[in-house]
Each structure stands twice: as C-alpha cells, then as structure tokens.
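Chain by chain, the residues:
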Amino acid sequence: MHEYPITCSIIETALEHAGNARVTKIALVIGEASGIDGESIQIYFEALSEGTPCEGAVLEIESVSPMLRCVSCGALFERKPFSFDCDCGGIGAPTEIGKEMHIQHIEVESP
C-alpha cells in the first residue's frame, strides 16, 4: 500500500521536471530489498497518470540485487541462499545496495 504515495511523488517529480512538455519515459531503480513492489508502482502509475502529461509514458524499472561486502577482503557479492560466505572464506555484511529506490532519469517530448 505504500506504493501509492511513492507513485504520487514520482508523477509529481516528473511533472515538475517536464514543465509544459509531455513525459515519455520515467526510468526507476528499485532495490529488491527496498520493500517496494515495482508491479504495484506500474499499476498505480497507469491509473494516477491519466489526464496528466505523464499519461502513456513508459515506466522502466531496473531491479537491483542486494549485495554483501566481505569483512575480510572487502569484495562486494550477491548472497547465496542460506549463506553469507565470501569466496575468500570471509563473511559478508549487509550494505545499502539493493535497498535503494530513485528516479534514474525522466524523458520528455520536445515542445
């Protein structure tokens, strides 16, 4: 349910960016561990953008896998199921990678 206000903010930001132009594409980055469902954003976007310059815009969503950082060697790696082990034998610690949610870019139609 928290996708509704997030989608409202995405549309609001796009409209501010577009000025009087029509928005043709909004590219989002959503981390898999962010707790935000991209499909819900898409559904809300289609409904909430009706009658605005965002109507019909492509909503492109890039998914980012969560990453761990090895406390021994510093390498970033994706967690394997049921394991926090790095290839070097060290243990991985959680990072912020995979928890993000932001607008990558907005494309508008030239007036």
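Above: the structure in question.
An account of the accompanying structure is given in this report. (Residues numbered from 1 in each chain as written. Predicted model: local features only at pLDDT ≥ 70, side-chain atom pairs only at ≥ 80, totals over all residues. Heavy atoms only, no water.)

One pass over the full model with this rule turns up five salt bridges. Here E60 ties to K25 by a salt bridge, and the two come within 3.1 Å at their closest N and O atoms. Here K25 lies in strand β1 (residues 23-31) and E60 lies in strand β2 (residues 58-64), a separation of 35 residues in the sequence. Under the relative-accessibility criterion, E60 is labelled partly exposed at 37%. (Salt bridge = Lys/Arg side-chain N within 4 Å of Asp/Glu carboxyl O. Helix = DSSP H or I, 4+ residues; strand = E, 2+ residues; numbered from the N terminus. Buried < 20%, exposed > 50% of the residue type's maximum accessible area, 1.4 Å probe, protein only.)

The next thing to look at is the sheet that holds β1. Spatially, β2-β1-β6 is the arrangement adopted by the three strands of the open sheet, whose pairing is mixed. This sheet does not close on itself; its edge strands, each paired only once, are β2 and β6 (101-108). In this sheet, neighbouring strand axes are inclined to one another by 15° on average, regardless of whether the strands run parallel or antiparallel. Of the strand pairs in this sheet, β1 and β2 are connected by seven bridges, and their pairing is parallel. Along β2, the bridge assignment pairs G31 with V64. Contacts from helix α1 (residues 3-18) reach β1 and β6 within the one sheet, and its direction differs from that of β6 by about 35°. This element, helix α2 (residues 38-48), spans β1 and β2 of the sheet and lies at about 170° to β2. (Pairing = 2+ DSSP bridges. Axes fitted to C-alpha atoms, helices over the stretch in contact; angles between N-to-C directions. Contact = heavy atoms within 4.5 Å.)

From the geometry alone we can't say anything about function, so treat these as descriptive.
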